[in-house]
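Residues per chain are reported as follows:
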Amino acid sequence: ADGGTLFLDEVANLSRNAQARLHRVVEYQTFQRIGGTRPIRVDVRLIAATNADLAAMIKRGEFMPDLYDRLRFAEIVLPPGSYATMLIKRCTHDM
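Given the structure is predicted, the values throughout are model-derived calculations rather than measurements.

A. Main features of the confidence of the model for the chain. Taken as a whole, the chain shows an average pLDDT of 88; of its residues, 97% reach a score of 70 or greater. Per-element confidence in the chain ranges from a low mean pLDDT of 75 for helix α4 (residues 81–92) to a high of 96 for helix α2 (residues 54–59).

B. Spotlight on the layout of surface pockets. Counted as a void, the largest pocket has a volume near 980 Å³. Residue lining of the largest pocket: 28 residues in total, with A48, A49, L71, A74 and E75 positioned closest to the centre. Put simply, the parts of the chain that give the lining of the largest pocket at least two residues each are α1 (16–28), β4 (45–49), α2 and α3 (65–71). The volume enclosed by the second largest pocket comes to roughly 510 Å³. Elements with a minimum of two residues in the lining of the second largest pocket: β1 (5–9), α1 and β2 (30–31). Among the elements that make up the lining of the second largest pocket, the one with the highest residue count is α1 (six residues). When its residues are assigned to classes, the lining of the second largest pocket shows 15 nonpolar, two polar and five charged.

C. Representation of the side chain of H23. Locating H23 in the fold gives a position in helix α1. Discounting residues that sit within four places of it in the chain, H23 has contacts with M64, D66, L67 and R70.

D. Inspection of the nonpolar core at higher detail. Counting eleven residues, the largest nonpolar core consists of L8, V11, A12, L22, V26, L54, M57, F63, M64, L67 and Y68. Counting only elements with at least two residues in this core, the list comes to α1, α2 and α3. The contact partners of A12, leaving out residues within four places of it in the chain, are T50, A52, L54, M57 and F63.

Parameters at a glance
- Residues numbered from 1 in each chain as written.
- Predicted model: local features only at pLDDT ≥ 70, side-chain atom pairs only at ≥ 80, totals over all residues.
- Heavy atoms only, no water.
- pLDDT = per-residue confidence, 0-100.
- Helix = DSSP H or I, 4+ residues; strand = E, 2+ residues; numbered from the N terminus.
- 1 Å grid on protein atoms, 1.4 Å probe; cavity = no way out; pocket = protein on both sides within 12 Å on 5 of 7 lines; lining within 4 Å.
- Points joined across faces, edges and corners; volume = space filled by probe spheres on them.
- Nonpolar A, V, L, I, M, F, W, Y, C, P; charged D, E, K, R; others polar.
- Contact = heavy atoms within 4.5 Å.
- Core = buried A, V, L, I, M, F, W, Y, C linked by side-chain atoms within 4.5 Å.
- Buried < 20%, exposed > 50% of the residue type's maximum accessible area, 1.4 Å probe, protein only.

See the structure below:
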């Protein structure tokens, strides 16, 4: 993924251990392979998605606030699919 984009779907389902590892990659742009002996530098763009309420998960101690802050550089909130379908029908009704 070096030099590319990595899409993380359902980021809310990551274990706390995986969250901590991902936070280190985001923070320091390095990771270490399993069994590896040296850090590997990586330049990657992350796009994370979830339908969970991460703010509520943070309050319950289920999601790392530091990781949330790093991933929330630019947030796009999309309406549920049923709402989007209704909007499309309204917009195209007179066409």
